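# Structure at a glance
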Amino acid sequence: MGTNRKGFTVSLLLTMSMLLAACGGNGNTKGTPDAGSTGEPGTGAEATAAAEPVKLEFWTIALQPTFNDYFNNLITQYEDSHPGVTVEWKDYPYDAISQRLLTSTASGKSPDVVNLNTEFASQLGSKGALLNLSEYLTDEQAKSYFEGIYNSTVFDGKAYALPWYTGTEVLFMNKKLVEKAGLDPANPPQTRDELVEWARQVHEKTGAAGYAQQLVSKLFPIDGISILNEDKTAAAFNTPEAEAMITQMRDLMKEGVVLKEDADFSKQIQYFSGEQVAFQLSGPTFINFIKTSAPDVYKNTIAVPLPTGKANLRLSNSMNLVVPQKSKNPQQAVEFAAFLTNAENQTAFSKAANTLPSSKASIQDPFFTESDGSLEAEAKVASSQSLDKATDYMVGVPSAADINSALARGLQEILMNGADIKETLNKVEKEVNTIISQGS
């Protein structure tokens, strides 16, 4: 189970045109099934009345062998409740699944259910390579997932993925530094503006900076600034609001409130471990690193929900299940995907994998609402409380890796090298529009 996108991005974008050429229609002449044919997620044999035996091929990313028992048991349960349906589970590394998907689709042997992250599910769905699940799902099924996460792969009213496991960032606080600054950690900041004020007070009272951050494209949508226009055909970030956001960041760096550095994750760990900053904006995996590198700091750290910016949202990093257009068993494939992502099974997988579910009902489980006082439990509860505002931000963005890189370089030029804000935004806007035109 991984979250590294780089290798997968390159592979997917290199093979996208070949994959789309191979997709065409799904070869299904059955027509659109009745909306109720999938039943409730996880229902029994009545949901699949297969006249002939059906074999579903199910692909995941980096889940074997860690979760072999979980999935083998779940597949057996599904097969027992759906006579005539068998499921073959295959697992591939992140950097291999796009090429495998291309090869199998081109050869007419498409898998039926595939695990993809939102960025790539969106790109494939927007190009017609995935089944429109809206024709198969009931309203109740669609509404069972957190709206922001579900809608991350909806285009023109068509849903191209079912949300599966996900994750959100939380705010880690060095309790000692916060209290030394005269702040109350029991009443943490709720907004980015409040976090800035807390960071400023920490810097004034303790000499430590507020936090370090990496200069990446997500800084725009956090503040409600769209990276591209609605139909994803042109840059939309070159606005007065973007100038104001970058100006504020530049001023905070000058003050020492935010470290003047393009700090990657390893650097952020270093700064928090050395108590050079009081806050860390990160996912729960951050805990494992400070627990090892700075056990005293770990003992003095608490986790709270991440303060929101002007957009009042939190960014998620989600995994989804999709059905390729070339699946020979689309109805059964959707039923199996719905079964895997229903509330009961999402809850069970999140407990086994220490992830967050995308099902609203799952979050009601005490596992996600109760804390034993440990930092790990606090982070889990804080993350869970963020899901109602969670969304992926590079939804359906073409050439996402190249666009992200262009925006990051622009931010580096301005904030690290002192380049003019407006001139740099103009330059990056042209670069992004060129990237989009070359990719279309």
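Check the entry above for the structure.
These numbers come from a predicted model, not from an experiment.

### Quick look at the overall build of the chain
In terms of helices and strands, the chain carries 19 helices and 16 strands. Burial status across the chain gives 53% buried among its 440 residues. Nonlocal contacts in the chain, meaning residues at least 24 apart in sequence, comprise 78% of its contacts between residues at least 6 apart. Put simply, the chain shows about 18,600 Å² of open surface, and 48% of that area lies on carbon and sulfur atoms.

### Quick word on the pairing of strand E12 (residues 301–305)
If a strand is regular, its side chains alternate between the two faces of the sheet. Taken across its 5 residues, E12 has 4 buried, putting it largely inside the fold. Summarising the sheet, strand E8 (residues 170–174) and E12 pair through 5 bridges and their orientation is antiparallel. Within E12, the residue paired with Phe172 across the bridge is Ala303.

### Observations concerning the sheet that holds strand E11 (residues 279–282)
If you walk across this open sheet you meet the 3 strands as E11-E8-E12, and the pairing is antiparallel. Only two strands of the sheet have a single partner each, and these edge strands are E11 and E12. With direction set aside, neighbouring strand axes in the sheet form an average angle of 25 degrees. Two strands pair when backbone bridges link them, and E8 and E11 are joined in this way by 4 bridges, in the antiparallel orientation. In the sheet register, Met173 faces E11, and the bridge partner there is Phe279. Helix H8 (residues 192–206) rests against E8 and E11 of the sheet, and its axis sits at about 150 degrees to E11. Most of the contacts of helix H17 (residues 375–384) go to E12, to which it runs at about 10 degrees, and overall it touches E8 and E12.

### Here's the deal with the packing of aromatic side chains
Evaluation of the coordinates by the stated rule reveals 22 aromatic pairs. A ring pair is formed by Tyr70 and Phe71, whose centres lie 4.9 Å apart and whose planes are at 90 degrees; its orientation type is edge-to-face. Phe71 carries the same exposure label as Tyr70, and that label is buried. Taken together, a centroid distance of 5.9 Å and an interplanar angle of 0 degrees make the contact between Tyr145 and Tyr150 stacked. For the pair Tyr145 and Tyr150, a shared accessibility class is recorded, and that class is buried. The ring of Phe367 has Lys380 lying over it, and the distance from NZ or CZ to the ring centre is 3.8 Å.

### Topic: the nonpolar core
The biggest cluster of nonpolar side chains holds 53 residues, and the ones touching the most others in it are Phe58, Leu63, Phe71, Trp164, Phe336 and Phe349. Of the residues forming this core, the biggest block, 7 residues, is contributed by helix H14 (residues 330–340). One finds Val178, Val196, Met253 and Ile421 within the second-largest nonpolar core, a separate group that totals 47 residues.

### Digging into the pattern of salt bridges
Applying the stated rule across the entire model yields 13 salt bridges. With a shortest N-O distance of 3.3 Å, Glu57 and Lys90 are connected by a salt bridge. Linking Glu57 in strand E1 (residues 54–61) with Lys90 in strand E2 (residues 85–92), this pair joins segments that are 33 residues apart in sequence. A relative accessible area of 17% means that Glu57 is categorised as buried. By relative accessible area, Lys90 is classed as partly exposed at 26%. Of the charged contacts in the structure, one is a salt bridge between Lys218 and Glu169, with a shortest N-O distance of 2.8 Å. Highlighted residues: Lys218 in the loop between strand E9 (211–213) and helix H9 (219–222) and Glu169 in the loop between strand E7 (165–166) and E8, separated in sequence by 49 residues.

### Some words on the side chain of Asn345
Summarising the element assignment, Asn345 is placed in helix H15 (residues 343–353). Overall, the relative accessible area of 5% leaves Asn345 in the buried class. The residues contacting Asn345, other than those within four sequence positions of it, are Tyr70, Leu74, Phe339 and Leu340.

### Let's talk about unusual backbone geometry
Residue Pro65 is bonded to the preceding Gln64 through a cis peptide linkage, with omega at 0 degrees. Non-glycine residue Lys232 carries a positive phi angle of around 60 degrees. Here Lys232 is to be found in the loop between H9 and helix H10 (240–255). A positive phi is found at Glu275, a non-glycine position, where the angle reads about 55 degrees. Following the sequence through the fold, Glu275 ends up in the loop between helix H11 (265–273) and E11.

### Examining the sheet that holds E1
Backbone hydrogen bonds hold the strands of a sheet together, and the pairing may be parallel or antiparallel. Strands sit in the order E2-E1-E3-E14-E6 across an open sheet of 5 strands; the sheet is mixed. Two strands in the sheet have a free side with no partner beyond their single neighbour: E2 and strand E6 (162–163). Judged from the 2 bridges that link them, E1 and strand E3 (residues 113–117) form a sheet pairing that is parallel. Within E3, the residue paired with Phe58 across the bridge is Val113. Strands in contact with helix H2 (residues 68–81) are E1 and E2; relative to E2, the strand with the most contacts, it is inclined by about 160 degrees. Strand contacts of helix H4 (residues 118–126): E3 and strand E14 (319–322), with the helix running at about 115 degrees to E3, the strand carrying the most contacts.

### Some details on H4
The buried count for H4 comes to 8 of 9 residues, which makes it a mostly enclosed element. Inspection of H4 places Thr118, Glu119, Phe120, Ala121, Ser122, Gln123, Leu124 and Gly125 among the buried residues, and these make up the whole buried set.

### Focus: the environment of Ser152
By the secondary structure assignment, Ser152 is in the loop between helix H6 (147–150) and strand E4 (154–155). Exposure remark for Ser152: the relative accessible area of 1% places this residue in the buried category. The spacing of Ser152 and Ala390 is 238 residues in sequence and 9.8 Å in space, taken between C-alpha atoms. A polar side-chain atom of Ser152 sits 2.9 Å from the main-chain carbonyl oxygen of Gly148.

Reading the values: the criteria
- Starting afresh in each chain, residues are numbered from 1 along the sequence in its written order.
- pLDDT decides what is reported in this predicted model: residues at 70 or higher carry local features, side-chain atom pairs at 80 or more are listed and counted, and totals for whole chains, interfaces and linings draw on all residues regardless.
- Hydrogens and waters are ignored; side-chain quantities use all the structure's heavy atoms.
- Helix and strand definitions follow DSSP, with helices as H or I runs of at least four residues and strands as E runs of at least two, each counted in order from the N terminus.
- For the exposure calls, accessible area comes from a 1.4 Å probe over protein chains only, and a residue counts as buried if that area is under 20% of its type's maximum, exposed if over 50%, partly exposed in between.
- We call two residues in contact when some of their heavy atoms are within 4.5 Å.
- Surface accessibility follows the Shrake-Rupley procedure with a 1.4 Å probe radius. Residue values consider only the protein chains on display as shielding.
- Here a strand pair is declared whenever DSSP counts at least two bridges between the two strands.
- Throughout, an axis means a line fitted to C-alpha atoms (over the contacting stretch in the case of helices), and angles, computed between N-to-C directions, take values from 0 to 180 degrees.
- The aromatic pairing rule takes the rings of Phe, Tyr and Trp, using the six-membered ring of Trp, and pairs them if the centres are within 6.5 Å, calling planes under 30 degrees apart stacked, those over 60 edge-to-face and the rest tilted.
- Two conditions define a charge located above a ring, namely a distance within 6 Å from the ring centre to NZ of Lys or CZ of Arg, and an angle within 35 degrees of the ring normal.
- The definition of a nonpolar core used throughout is a set of buried Ala, Val, Leu, Ile, Met, Phe, Trp, Tyr and Cys residues joined through side-chain atoms within 4.5 Å.
- Here, a salt bridge means any side-chain nitrogen of Lys or Arg that lies within 4 Å of a carboxyl oxygen of Asp or Glu.
- Polar contact is defined as a pair of N or O atoms within 3.5 Å, subject to the rule that within protein one atom must be able to donate a hydrogen and the other to accept it, and that residues adjacent in sequence are counted only when both atoms are side-chain atoms.

The quantities given are spatial measurements derived from coordinates; they are silent on function.
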